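# Commentary on secondary and tertiary structure
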Amino acid sequence: MELKLYHYVHCPFCVRVRMALGYLELPYVSEVLPYNDETTPVKLCGTKMLPILSVDGKPINESLDIITAIDSNNKLRSRDLTSTKEFRHLERLLTELGANVHGLAMPYWIYTAEFDTESRSYFRNKKEIKRGPFAKLVEDRHEFEVTLMEDLTTLQISLKPFYKSDEFSLYDILLASHLWGLYIVPEFQFPPGVHMYLQTVKKQCKFIYHQDFWK
Ligand SMILES: N[C@@H](CCC(=O)N[C@@H](CS)C(=O)NCC(=O)O)C(=O)O
């Protein structure tokens with residue numbers, strides 16, 4: 001099976017797929033697209049959205065569809081878990097966490113190696129329409145952090161050591177990928193239990209956030 005992943009490094013949905021590929025030990029060609037490249041994703045899937053995984057030349061988008069397609073032996077239990085009540089609960093939690101993660105992290109993501117001047121201003125202009133000026137997000141940083149810390153402190157109770165389970169599953173990939181981008185935020189510190197959890201997921205998935213820039 002020939003796999004090529006088109007992705008953005010900061011994007012939690014793309015990180016999901018990278019984590020799943022790593023966990024399943026599937027080798028793949030990695031292509032980080034500049035955020036302002038509209039042509040490539042539209043050509044592949046008709047819409048400007050990543051991740052896209054090309055499987056033997058056939059492009060698939062939607063992170064969960066991609067993971068289900070590559071989890072052919074159901075090692076992540078992706079076939080069973082996406083229809084559970086727990087899955088819907090986790091999705092709501094991710095949406096809640098996501099609002100604060102994005103508010104806090106977006107202004108910092110754009111100064112990582114993934115972005116150049118053009119892609120940075122494309123991203124910023126697009127996201128500021130929804131979230132307001134990045135300068136204001138940075139100014140309000142403390143508010144995002146307070147809410148996040150409350151949620152993350154509560155979350156620690158659910159890590160047994162994996163999300164509500166002693167076994168690693170798709171849920172851990174969904175959760176860890178949504179939180180990972182916070183490591184980019186200067187001086188941000190995860191509650192110790194969440195940090196330990198993320199490091200365990202990292203090992204399981206052989207995940208290195210910025211590996212594309214150190215080849
Ligand atoms: N439902 C999609 C969501 C993917 C998604 O939201 N990708 C964002 C990046 S985080 C994207 O490609 N946005 C393109 C844009 O806004 O220009 C999935 O699970 O794959």
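Preceding this section is the structure that the text describes.
Report on the accompanying structure. No experiment lies behind these values; they were computed from the predicted model shown.

## Some details on helix α5 (residues 85–109)
The largest bend in α5 is about 35°, located at His102. Burial in α5 covers these residues: Leu90, Leu97, Asn100, Val101, His102, Gly103, Leu104, Ala105, Met106, Pro107 and Trp109.

## Points about the site of the ligand
Inspection of the region around the ligand gives Tyr8, Cys11, Phe13, Lys48, Met49, Leu50, Pro51, Glu62, Ser63 and Lys126 as its neighbouring residues. Among the residues making up the shell around the ligand, the classes are represented as six nonpolar, one polar and three charged.

## Quick look at the sheet that holds strand β2 (residues 29–32)
Pairing is mixed in the open sheet, where four strands are placed in the order β2-β1-β3-β4. Of all strands in the sheet, those bounded by a partner on one side alone are β2 and β4 (58–61). Across the sheet, the axes of successive neighbouring strands diverge by a mean angle of 20°, strand direction being ignored. In terms of strand pairing, strand β1 (residues 3–7) meets β2 through four bridges, oriented parallel. Each bridged residue has a counterpart across the sheet, and for Tyr6 the counterpart in β2 is Glu31. Relative to β1, helix α1 (residues 12–23) is tilted by about 155°, and along the sheet it contacts β1 and β3 (52–55).

## A short note on the environment of Leu93
Note that Leu93 resides in helix α5. Overall, Leu93 belongs to the partly exposed group, with 18 C-beta atoms counted inside 10 Å. Between the alpha carbons of Leu93 and Leu155 there is a distance of 9.7 Å; along the sequence they are 62 residues apart.

## Structural notes on the nonpolar core
In this structure, Val17, Met19, Ala20 and Ala176 are the most contacted members of the largest nonpolar core, which totals 51 residues. Mapped onto this core, the elements with two or more residues apiece are β1, α1, β3, α3 (63–70), α5, α8 (141–155), α9 (170–180) and α10 (192–205). Of the residues forming this core, the biggest block, eight residues, is contributed by α9. In contact with Met19, not counting residues within four places along its chain, are Ile173, Ala176, Ser177, Cys205 and Phe207.

## Comments concerning the pairing of β1
For β1 and β3, the ladder comprises four bridges, and the chain directions are antiparallel. Residue pairing across strands places Leu3 opposite Val55, the latter belonging to β3. One crossover worth recording links β1 to the parallel β2 by way of α1, and it is right-handed.

Scoring rules and cut-offs
- Residues numbered from 1 in each chain as written.
- Predicted model: local features only at pLDDT ≥ 70, side-chain atom pairs only at ≥ 80, totals over all residues.
- Bend = angle between axes of the 7 residues up to and from the residue.
- Helix = DSSP H or I, 4+ residues; strand = E, 2+ residues; numbered from the N terminus.
- Buried ≥ 20, exposed ≤ 12 C-beta atoms within 10 Å, placed from the backbone.
- Near = placed C-beta within 6 Å.
- Nonpolar A, V, L, I, M, F, W, Y, C, P; charged D, E, K, R; others polar.
- Pairing = 2+ DSSP bridges.
- Axes fitted to C-alpha atoms, helices over the stretch in contact; angles between N-to-C directions.
- Contact = placed C-beta atoms within 7 Å.
- Core = buried A, V, L, I, M, F, W, Y, C linked by C-beta atoms within 7 Å.
- Right-handed = clockwise from strand over helix to strand, strands pointing away.

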